[in-house]
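Understanding the architecture of this molecule
Each chain, written out:
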Amino acid sequence: MTSARRWNPLGGVALLALLGSCAGNPVAPLRELYGRGEYQAARDGLIELRRSDTGNAHVYALDQSVAELAMGRPSDAEQTLRYARDRLDDLAGKSVGEWLGAVLLDDRQLDYEGADFEQVIVRALLAVANLAAGGGDAPAYALQVLERQRQLIREFADQGEDNPKDDYKLVAFGSWLRGILAEDDPLKLGTAGEAFERVVAIEPSFALGHEALERVTSGRHSAPAHGVVHVIALVGRGPFRVASEERVTQEVLAIAQVIWASLRDRVTFPNIAAVEIPALAFHQDNPSDVQVEVDGTPLGATAIVTDVEATARREFAAMRDWIVARAALRRAFKISITEGLKEAINRPEREADETRGRRGRGRRGNRSRNERQADPLVDLGISLGGLLWTALEQADLRCWGLLPASFQVMRIEVPTGEHTITLRAGRAGSSVGAAQSVRVLVRDGFNTYVIGLVPTLQGGPPPMTNEPLLPPQSL
C-alpha cells in the first residue's frame, strides 16, 4: 500500500485528447450550397448552427446575412448584420492576458472577434442592406466604414514601436457610397465633395472617383429630364482561412520576447522553429467584373472601388509577424508548463538525494529500487503528454466565408422613366454568367440604386433596387 497517489501519465494523455477533440467545419457544406445558388437551404442551415452553437452565433450570422441578401430580404440581412457587428464590437481588443487564456489549447477556445477587415466590411454591407431595403441609415453606416478602420489602426499598441497596422489598405467604399447618397441633394454637395476627396485619396487610380469629384465641383448631377442609376455589385467570394506552417523568424522572436518578458519573471524564451497559424486563401474562380445592360444595350463593366481580397492580403502581411508571435507564445507556455511540471515533481527527489549525500552514502541505500526507477517513467509520461498537448493545437480557421471579394460600381445616366437593368457575371471583359434583371423607376435629377450579388461565374440572384416597379394591380 503506497502512502501517496502518483501522477498517471496515461490519464494525463487521455485528458489532453479529450480537450483537443473537435468536430469538422460545419459551415463548409452550407457555403457550398450558397455557391450553387441554394440560398434558402444555406440560410436555414446557418440559423440552425446559431441555435446549436451559441458561442459562435455571430460568426454564422455574418454568412447568414449574405444568404438573406441573396434571397432578396435586405431588412432581415440588416438585422442579422447589426447583431454580428455589435457582438464583434463587444469582443474586439482582447488584451494579451485574455487571449493567453487559450494556452490550454489554441485560439479556437476564445470567442471569435473577427479580422480587422471583417469588422470594417460588416459596416459596408450594413449600408448596402439598408439601402436595398429603402431605409435612411445607409449614410450613417457608410460613415462608420472608414471610421472603424482608422480606430482599429489607432488603438493597436505595440510597445512604442512602429504600428504595423499603418500599412493597412484603407477601404474606400464607405466614402464612395456616402458621396453618391449626398450627390443628388443640392444642400449636401459639400458632404459629397468631402467624401469623394477621400475616395480619390484612398484609390487614386479609381477613375469614377475623379469624375465624381469634378461633377460635384461643377454642380451638375445629370442632364435635364435625366436621372442616374448607380449599380453596386458584390462580386465573388472573399478570402477564407487555411492552416499554414510558418517559420519563427528573428523578427517574430523579438515581438514574442517582449510580451513574454512582460508576463513572466524571466526573459528566457524556448527555442521554437515553426508554428501553425491561420493564413489566407482565395477563390480562383471568382468573376472579375459585372457586365451591365440597360434596356438590352450593353454599357460595359463595373469598376472596383474596394478590393476586399487586396485589403485582407495587405492586413495579413502587416500582421503576419504578430500572428506568428502569438502562436509561438502559446507554444512557449506549453513547453514551460511541461518542463515546470517535470521540475516540480523531480525537485523533491533531488533535494532528498542531496540531503542523503551530505549525511553519507550509507543511508542512500535505504531508498528502494522501485522509487529509483519511478522518476524516468514519470518524466517520460510528462514529456509524452506535452508532445500530445502541442500536437492537438490547431489554427483557428473561423472566418466570414461569404463576404464578397470586391465592391464594384457603375454610374449610368439615363432618361427619366422605366428601365430594365441587367447584370451578368463577367470574366476578362466578357459576359459568362446568366442574365439577371430588375425593372427600375428613374426620377428626374435623382439617383436610383441597383444592388446585385454575383458570387460565382454562373451568376447570382436577381438584383435588388430601392426604386422597384410594382406589378400592375388587377381590377
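Right above here is the structure, for reference.
On a predicted model such as this, the values are computed, not experimentally measured, just so you know.

Moving on: empty space enclosed by the protein. Taken as a whole and judged by the stated rule, the model has two cavities of 30 Å³ or more. A volume near 60 Å³ is recorded for the largest cavity. Looking at the largest cavity, the residues that line it are Tyr34, Val66, Leu69, Leu125, Leu234, Gly236, Leu402, Pro404, Leu453 and Pro455. Here the residues of the lining of the largest cavity sort into nine nonpolar, one polar and no charged. There is about 50 Å³ of room inside the second largest cavity. Lining the second largest cavity, in full, are Leu423, Arg424, Ala425, Ala434, Gln436, Gly452, Leu453, Val454, Gly459, Gly460, Pro461 and Pro463. Contributions of two or more residues to the lining of the second largest cavity are made by β8 (417–427) and β11 (447–454). Grouping the constituent residues of the lining of the second largest cavity by class yields seven nonpolar, four polar and one charged.

This next bit is on the nonpolar core. The biggest cluster of nonpolar side chains holds 81 residues, and the ones touching the most others in it are Phe173, Trp176, Leu177, Trp400 and Phe407. At 12 residues, the largest contribution of residues to this core is made by helix α7 (residues 116–132). Those residues within four positions of Trp176 in sequence are excluded, and the remaining contacts are Phe196, Val199, Phe206, Leu208, Gly209, Ala212, Val305 and Val409. The next biggest cluster of nonpolar side chains, apart from the first, holds 18 residues, and it includes Val229, Val231, Val294 and Val450.

This part takes up the pairing of strand β1 (residues 226–235). β1 sits mainly inside the fold: nine of its 10 residues count as buried. Pairing of β1 with β11 involves eight bridges; the strand directions are parallel. Considered in β11, the bridge of Val228 is made with Asn447.

Quick look at the sheet that holds strand β7 (residues 406–415) now. With mixed pairing, the five strands of this open sheet are ordered in space as β6-β7-β1-β11-β12. Looking at which strands have only one partner, the edges of the open sheet turn out to be β6 (303–307) and β12 (464–465).

As a further point, take the pattern of salt bridges. Enumeration over the complete set of coordinates arrives at 22 salt bridges. Residue Asp86 pairs with Arg85 through a salt bridge whose shortest N-O separation is 3.0 Å. A relative accessible area of 33% places Asp86 in the partly exposed class. Of the charged contacts, one joins Arg443 and Glu467 as a salt bridge, the two residues approaching to 3.1 Å between their closest N and O atoms. Note that Arg443 is positioned in the loop between β10 (436–442) and β11 and Glu467 in the segment after β12, a separation of 24 residues in sequence. Under the relative-accessibility criterion, Arg443 is labelled partly exposed at 36%. Residue Glu467 is classed as buried on the basis of its relative accessible area, which comes to 15%. Sharing partners across several salt bridges, the network here consists of Glu183, Arg215, Arg220, Arg411 and Glu413.

Conventions adopted
- Residues numbered from 1 in each chain as written.
- Predicted model: local features only at pLDDT ≥ 70, side-chain atom pairs only at ≥ 80, totals over all residues.
- Heavy atoms only, no water.
- 1 Å grid on protein atoms, 1.4 Å probe; cavity = no way out; pocket = protein on both sides within 12 Å on 5 of 7 lines; lining within 4 Å.
- Points joined across faces, edges and corners; volume = space filled by probe spheres on them.
- Nonpolar A, V, L, I, M, F, W, Y, C, P; charged D, E, K, R; others polar.
- Helix = DSSP H or I, 4+ residues; strand = E, 2+ residues; numbered from the N terminus.
- Core = buried A, V, L, I, M, F, W, Y, C linked by side-chain atoms within 4.5 Å.
- Buried < 20%, exposed > 50% of the residue type's maximum accessible area, 1.4 Å probe, protein only.
- Contact = heavy atoms within 4.5 Å.
- Pairing = 2+ DSSP bridges.
- Salt bridge = Lys/Arg side-chain N within 4 Å of Asp/Glu carboxyl O.

Purely geometric stuff here, so don't read any function into it on its own.
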